[in-house]
Amino acid sequence: MLISAAYRRGVPSFALAWAAGLLLAVLTVVFSLVEDLPIRDPDNLIPGYIRFPAIVVGAIALDVVPRALRAAGRPGAGWLGRLGSDLRSVLTERWPRSHWMFALNGVAAWYLCYAAFRNVKSMAPFVHERIYDANLADIDKFLFAGHDPAATLHAWFGTGIAAHFFSAVYIAWIALVPVTIAIALVWTRATRAGEWYVTAVAIDWALGAVLYVVLPTVGPIYSDPRTFAALPETYVSRLQESMGADRVAVLADPVGAGTLQTIAAFASLHVGIMVTICLIVELIKMPRWVRVSSWVFLALTCLSTVYLGWHFAIDVVAGAALGAFAVWLAGLATGNRVGLRARLAPSVSEPAPASSGRREVLAPRSLPHDDLPAGG
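Residues numbered from 1 in each chain as written. Predicted model: local features only at pLDDT ≥ 70, side-chain atom pairs only at ≥ 80, totals over all residues. Heavy atoms only, no water.

A. Highlighting the overall build of the chain. Broken down by element type, the chain carries 15 helices and four strands. Buried residues in the chain amount to 48% of all 376 residues. Carbon and sulfur atoms form 68% of the exposed surface of the chain, whose accessible area is close to 17,500 Å². (Helix = DSSP H or I, 4+ residues; strand = E, 2+ residues; numbered from the N terminus. Buried < 20%, exposed > 50% of the residue type's maximum accessible area, 1.4 Å probe, protein only. Areas by Shrake-Rupley, 256 points an atom, 1.4 Å probe, with all protein chains shown as cover.)

What follows is the structure in structure tokens.
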């Protein structure tokens, strides 16, 4: 059974993630009362409080069922009985009470932060009505010697198949975040690494929400749509139209609209969270292919978000800085540091109890291991 290093350091697990979520929850309530705005569930189709636990439960099934099938061997006489017995054994060994508490604590803290973030983001235009897109566009042109970054990318890559490719990259990112959260909370036994990552993402949401309120923008696709008129219809273009319609409806009637508006550009959290992922996988020494893939996907994310008009180039720079700061701060908060330098710190663990019978067969591949770097 793992002994969480959180107790050793005197700080509850996911403490900063919970603090970030509570801070955003307080902002949500304050903005709601001051501006007379409704607080809504951020997911209309499948509520997040159902969707995210379902992702965790599904990830647990993927963690447990294949191990039980492998242990049960080929189907034959008594196979169903063996499978049921092995399923219970694997579940018991892979999921002691300590890991259930770790996973549920993490997903609850992260979801609180996410739900409050979405509400604060929706309320930002009411709290601070000025739009700073013209200012950021001027900064972009200064940085690119008078050229528009998006127009430059359209000239380099064209406005045909590249638009569909970058649209696919953007949509893949949307699925990436819940998948990585599930990996950090379910599949890994490196609980210190999982706590570090989930806390860093929570900080990304919190800092991003504050920036949306302090420096509200809508992004190039909405402030300068002519630059993107040559792009073909893609899933992203339809998503942009839908989000634009939601914003108009919410600004006109925040109560009657029945939804949240989700448009805000500075800083890019697509980039920020990808930087967080890249730095975490480097710091916990994930396999080389994971690290390389993460950096490649970060580069593609930076290009796609500017190419498609979601963000200014300066949003990308700010997002990268935000993501790096979140990793450092989360490292300090979770004890993953040496002095002020972020570094994965192993947890204290006890030897697993001796097992007998078929449990010995299962042990090498199903018992919780010492809390080592994920690549170890």
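B. The arrangement of the environment of isoleucine 139 in detail. Along the polypeptide, isoleucine 139 turns up in helix 6 (residues 133–143). Given a relative accessible area of 36%, isoleucine 139 falls into the partly exposed group. Counting along the chain gives 173 residues from isoleucine 139 to phenylalanine 312, while the straight-line C-alpha distance between them is 9.1 Å.

C. Representation of the side chain of serine 294 in the model. Among the secondary structure elements, serine 294 is positioned in helix 13 (residues 288–307). Classification of serine 294 as buried rests on a relative accessible area of 9%. For serine 294, the residues in contact, after removing those within four places along its chain, are Met274, Ile277, Cys278 and Val281. (Contact = heavy atoms within 4.5 Å.)

D. A look at the packing of aromatic side chains. Going through the model one piece at a time under the given rule, you end up with twelve aromatic pairs. For the ring pair tyrosine 114 and tryptophan 205, a centre distance of 6.0 Å and an interplane angle of 65° mean the geometry is edge-to-face. Residue tyrosine 114 is located in helix 5 (residues 97–127), and its partner tryptophan 205 is located in helix 9 (residues 191–214); the two are separated by 91 residues in the primary sequence. You can call tyrosine 114 buried: its relative accessible area is 8%. Taking relative accessible area as the criterion, tryptophan 205 reaches 7% and is therefore assigned buried. (Phe/Tyr/Trp six-rings, centres within 6.5 Å; stacked < 30°, edge-to-face > 60°.)

E. Structural context of helix 5. End to end, helix 5 covers 44 Å across 31 residues, agreeing with the expected 45 Å (1.5 Å per residue, within 8%). By the criterion of burial, helix 5 is predominantly enclosed, with 22 of the 31 residues buried. (Expected span 1.5 Å × (residues − 1).)

F. Focus on the side chain of asparagine 119. Mapped onto the elements, asparagine 119 comes out in helix 5. A relative accessible area of 3% places asparagine 119 in the buried class. Sequence-distant contacts of asparagine 119, defined by excluding residues within four places in its chain, comprise Thr28, Pro38, Ile39, Arg40 and Leu260.

G. Looking closely at the nonpolar core. Leu185 and Trp205 are the most contacted members of the largest nonpolar core, which totals 92 residues. Tallying contributions element by element places helix 5 first for this core, with 15 residues. Aside from chain neighbours lying at most four places away, what touches leucine 185 is Phe14, Trp95, His99, Phe102, Ala103, Gly106, Val107 and Val198. Membership of the second largest hydrophobic core comes to six residues, among which are Leu136, Phe266, Phe312 and Ile314. (Core = buried A, V, L, I, M, F, W, Y, C linked by side-chain atoms within 4.5 Å.)

H. The pattern of salt bridges, seen in detail. Enumeration according to the criterion identifies two salt bridges in this entry. In this structure, the salt-bridge partner of glutamate 233 is arginine 238, at a minimum N-O distance of 3.5 Å. For glutamate 233, a relative accessible area of 55% translates into the label exposed. Residue arginine 238 is classed as partly exposed on the basis of its relative accessible area, which comes to 42%. Its salt-bridge partner being arginine 291, residue glutamate 282 comes within 3.3 Å of it at the nearest N-O pair. You can call glutamate 282 partly exposed: its relative accessible area is 33%. (Salt bridge = Lys/Arg side-chain N within 4 Å of Asp/Glu carboxyl O.)

I. View of the confidence of the model for the chain. When the pLDDT values of the chain are averaged, the result is 83; 86% of them are 70 or greater. Contacts for the low-pLDDT stretch residues 1–10, under 50 throughout, to residues beyond four places or in other chains number 27 contacts. Per-residue pLDDT stays below 50 along residues 348–376; that stretch engages in 58 contacts with residues further than four places along the chain or on separate chains. (pLDDT = per-residue confidence, 0-100.)

J. Just the state of the cysteines, in detail. Applying the stated criterion to the full structure yields zero disulfides. We note that cysteine 302 lacks a disulfide partner, and the nearest cysteine sulfur, in cysteine 278, lies 8.8 Å from it. (Disulfide = S-S within 2.5 Å.)

K. Representation of helix 12 (residues 269–283). Taking 1.5 Å as the rise per residue, helix 12 with 15 residues should run 21 Å; its terminal C-alpha atoms sit 20 Å apart, in good agreement. Burial runs high along helix 12: twelve of the 15 residues are buried. Of all the residues in helix 12, the buried ones are Leu269, His270, Val271, Gly272, Ile273, Met274, Val275, Thr276, Ile277, Cys278, Ile280 and Val281. At the N-terminal boundary of helix 12, the capping side chain belongs to serine 268, with an oxygen 3.2 Å from the backbone nitrogen of valine 271. A positive phi of about 60° marks lysine 285, the residue just after helix 12. (Polar contact = N/O pair within 3.5 Å; in protein donor to acceptor, adjacent residues only side chain to side chain.)

L. Broad picture of the packing of helix 7 (residues 149–157) against helix 13. The N-to-C vectors of helix 7 and helix 13 enclose an angle of 110°; their axes lie 8 Å apart at closest approach. Classified by the interaxial angle, the pair formed by helix 7 and helix 13 is roughly perpendicular. Residues Pro149, Ala150, Leu153, His154 and Phe157 of helix 7 lie in contact with helix 13, whose contacting residues are Leu303, Val306 and Tyr307. Looking at the contact of helix 7 with helix 13, its residues break down into seven nonpolar, one polar and no charged. (Axes fitted to C-alpha atoms, helices over the stretch in contact; angles between N-to-C directions. Parallel < 35°, antiparallel > 145°, perpendicular 65-115°, else oblique. Nonpolar A, V, L, I, M, F, W, Y, C, P; charged D, E, K, R; others polar.)

M. Examining a nonpolar patch on the surface more closely. Residues Val26, Val29, Val30, Leu33, Val34 and Ile39 make up a contiguous nonpolar surface patch of about 560 Å² in total accessible area. On the secondary structure map, isoleucine 39 appears in the loop between helix 2 (15–35) and helix 3 (48–72). (Patch = residues over 30% accessible without salt bridge, like charges linked within 9 Å, V, L, I, M, F, W, Y side chains within 5 Å.)

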